[in-house]
Amino acid sequence: MVQRLAEHLHLSLPEGAPDISTQDVVAEGRTDITLIWPDGRGSGLAYRLVLELKVDAPPDRAQVEKYLRDGADVVAVARFARPANIAVTGGGRFLGVVPWRRIRDLWWDGAPLPLRQLHHLLDATRVAMPNITLPGLTGLVSSWNAWGIFREWSLRAAETVAADFAQAGHPWVSRQAKKGRIGFDESNERYVARLWPPPMRGDWLYLFMGIFVGREGDPVLVEGIPDLFFALHVDPKKVMGQRLQKDANLQGAVDNWKKRAGNVHREYWPGEWEVLRARASALELVQSTDQSDAFLAWMRARAKEWIDDGILSLVAQADADTRKAAGEVADVDE
């Protein structure tokens, strides 16, 4: 599989299967993955190729050069490529940055299980940046103004919902301090403002409100149209997430909430990051004479449901009971 991958990436490597090791100690650190051909340079001289793996941005110059100084060639693998002229006199060669997408695109009939598992891992972690399609390009033009409008509407809704929560006795905020950055999230197919009970917790307890454009296995309600989105978000593996999965009182309140009438999808996903979600197709905004007010009214209605059904009070109690264990963070960035 290594040779097939090398051909796919246009890398010239020694023939034969290499020895593979991880976390090899070098003078200034540890490698992620090292491929070793014992006679790769001929006359018994080994050839070493270090793979430096990054979830997002490529490694910086210093990270690469420490392996080059140890005599190895280096290939970086990251979410995106970045031009770099990196060289160490008398050391190995930097062979460039390979995007995860290039590796995800490697396929052949009867591909071995390790490659299929790697593809599944890349899909699950979403480190492989999707390719741009023609509909995506044309959509950028047609939707350019819409993104700014939805951002403005979402921030306005968050400010109003925060006031509604405060009136109900539950203070939530959209920034850490008076002059801090306003919380907004554009990851994981969300485009949403966010609130949280201060100070910010270490398990990313947020309330999101805005739009959702769908994910693999989690589509929007009307194909091609984003959903209006109102969701409670928290790390399911930490104490608050565990509490919300097992709270019988919350389960009862959620059961009543899900029985409410109206064209709203109300979802409870214990064990997921977005543990509580309310969605409706944004298509209904197009039919409204005052779209801004309709968007705000939808978000406030979802907030009122959580207040009236006792969900917000139960979340607040869980917050108070688990805050010490969760810890706090000083910034809004995840």
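What counts, and where the lines are drawn
- Residues numbered from 1 in each chain as written.
- Predicted model: local features only at pLDDT ≥ 70, side-chain atom pairs only at ≥ 80, totals over all residues.
- Heavy atoms only, no water.
- Domains from an automatic or database assignment.
- Pairing = 2+ DSSP bridges.
- Helix = DSSP H or I, 4+ residues; strand = E, 2+ residues; numbered from the N terminus.
- Contact = heavy atoms within 4.5 Å.
- Axes fitted to C-alpha atoms, helices over the stretch in contact; angles between N-to-C directions.
- Core = buried A, V, L, I, M, F, W, Y, C linked by side-chain atoms within 4.5 Å.
- Buried < 20%, exposed > 50% of the residue type's maximum accessible area, 1.4 Å probe, protein only.
- Bend = angle between axes of the 7 residues up to and from the residue.
- Patch = residues over 30% accessible without salt bridge, like charges linked within 9 Å, V, L, I, M, F, W, Y side chains within 5 Å.
- Areas by Shrake-Rupley, 256 points an atom, 1.4 Å probe, with all protein chains shown as cover.
- Salt bridge = Lys/Arg side-chain N within 4 Å of Asp/Glu carboxyl O.
- Left-handed = near helix turned anticlockwise from the far one by under 90°.
- Nonpolar A, V, L, I, M, F, W, Y, C, P; charged D, E, K, R; others polar.
- Phe/Tyr/Trp six-rings, centres within 6.5 Å; stacked < 30°, edge-to-face > 60°.

What follows concerns the domain arrangement of the protein. Split by domain assignment, the protein resolves into domain 1 (1-139) and domain 2 (147-326). For domain 1 versus domain 2, the distance between C-alpha centres works out to 39 Å.

Strands sit in the order β8-β9-β10-β11-β13-β12 across an open sheet of six strands; the sheet is antiparallel. The two strands at the open ends of the sheet, each matched to only one other strand, are β8 (184-185) and β12 (265-268). Both β8 and strand β9 (residues 190-195) contribute to a ladder of two bridges, which runs antiparallel. Counterpart to F184 in the pairing with β9 is A193. The strands that helix α6 (residues 144-167) touches are β8, β9 and β10 (206-212); relative to β9, the one it contacts most, it runs at about 25 degrees.

Core analysis: the biggest nonpolar cluster contains 44 residues, and L207, M209, F230, L232, L276, F295 and I311 have the highest contact counts within it. In terms of residues, this core owes the most to one element, α6, which gives seven residues. In this structure F295 touches F150, W153, S154, A157, G210, I211, L228 and L285, once residues within four positions along its chain are discounted. If you look at the next biggest cluster of nonpolar residues, it comprises 17 residues, including A6, W37, V127 and A128.

Turning our eyes to something else, we now look at helix α11 (residues 311-326). Each full turn of the α-helix corresponds to 3.6 residues, which orients residues three or four apart in the same direction. Residue A320 marks the point of greatest curvature in α11, where the axis turns by about 40 degrees. Those residues of α11 that sit buried are I311, L312, V315, A318, D319, T322, R323 and A326. Those residues of α11 that are buried are in contact with α6, β11 (227-233), α7 (239-246), α8 (248-258), β13 (274-281) and α10 (291-308). Of the residues one or two after α11, G327 is the one with positive phi, at around 75 degrees.

Turning our eyes to something else, we now look at a nonpolar patch on the surface. Together, I132, L134, L137, L140 and V141 make up a nonpolar patch on the protein surface, roughly 560 Å² of accessible area in all. Checked against the element boundaries, L137 lands in helix α5 (residues 134-142). Look at L137 and you get partly exposed, because its relative accessible area is 47%.

Glancing now at the pairing of strand β7 (residues 94-99). Counting buried positions along β7 yields five of six residues, so the element is predominantly enclosed. Pairing geometry for strand β6 (residues 73-78) and β7, over four bridges, is parallel. Along β7, the bridge assignment pairs V77 with V98.

This brings us to the pattern of salt bridges. Tallied over the entire structure, the rule returns 31 salt bridges. Several salt bridges share partner residues, and in doing so they unite R126, D185, E189, R190, R194, R215, D218, D227, E267, E274, R277 and R279 into one network.

It is worth spelling out the packing of α7 against α11 at this point. One can describe the packing of α7 onto α11 by two numbers: an axis separation of 9 Å at closest approach and a directional angle of 145 degrees. The two elements α7 and α11 cross, and the hand of that crossing is right-handed. Facing V239, M240, R243 and L244 of α7, the residues of α11 in contact are V315, Q317, A318, D319, D321, T322, A325 and A326. The class makeup of the residues in the contact of α7 with α11 is seven nonpolar, two polar and three charged.

Take the packing of aromatic side chains next. For any pair of aromatic rings, geometry is given as the distance between the ring centres together with the angle between the planes. Under the definition given, this model contains 13 aromatic pairs. When the ring of F184 is compared with that of Y191, the centres are 4.9 Å apart and the planes differ by 80 degrees; the resulting orientation is edge-to-face. Summarising the burial analysis for this pair, F184 and Y191 share the class buried. Ring geometry for F230 and W306: centres 4.9 Å apart, planes at 70 degrees, overall edge-to-face. Residue F230 is found in strand β11, and its partner W306 is found in helix α10; the two are separated by 76 residues along the sequence. Taken together, the aromatic side chains of W196, W204, Y206 and F208 make up a single cluster linked through ring pairs.

This part takes up the side chain of T160. Mapping T160 onto the fold places it in helix α6. With residues up to four places along the chain from it excluded, the contact list for T160 reads L296 and R300.

Interaxial distance between α6 and α10 falls to 9 Å at its minimum, and their mutual angle equals 35 degrees. By crossing handedness, the relation of α6 to α10 is classed as right-handed. Packed against α6, whose contacting residues are F150, W153, S154, R156, A157, T160, V161, D164 and F165, the element α10 presents Q291, S292, D293, F295, L296, M299, R300, A303 and I307 at the interface. Among the residues making up the contact of α6 with α10, the classes are represented as 10 nonpolar, four polar and four charged.

Structurally, the position occupied by K324 is in helix α11. What makes K324 exposed here is its relative accessible area of 82%. On a C-alpha basis, the gap between K324 and R30 in space is 35 Å, while along the polypeptide they are 294 residues apart.

The five strands are arranged β1-β4-β5-β6-β7 in an open sheet whose pairing can be described as mixed. Two strands close off the open sheet at either side, each with one partner strand: β1 (19-22) and β7. Across the sheet, the mean angle from the axis of one strand to that of its neighbour is 25 degrees, orientation sign disregarded. As defined by bridge partners, strand β4 (residues 33-42) adjoins strand β5 (residues 45-53) across six bridges and the pair is classed as antiparallel. Bridge pairing in β5 links W37 to Y47.

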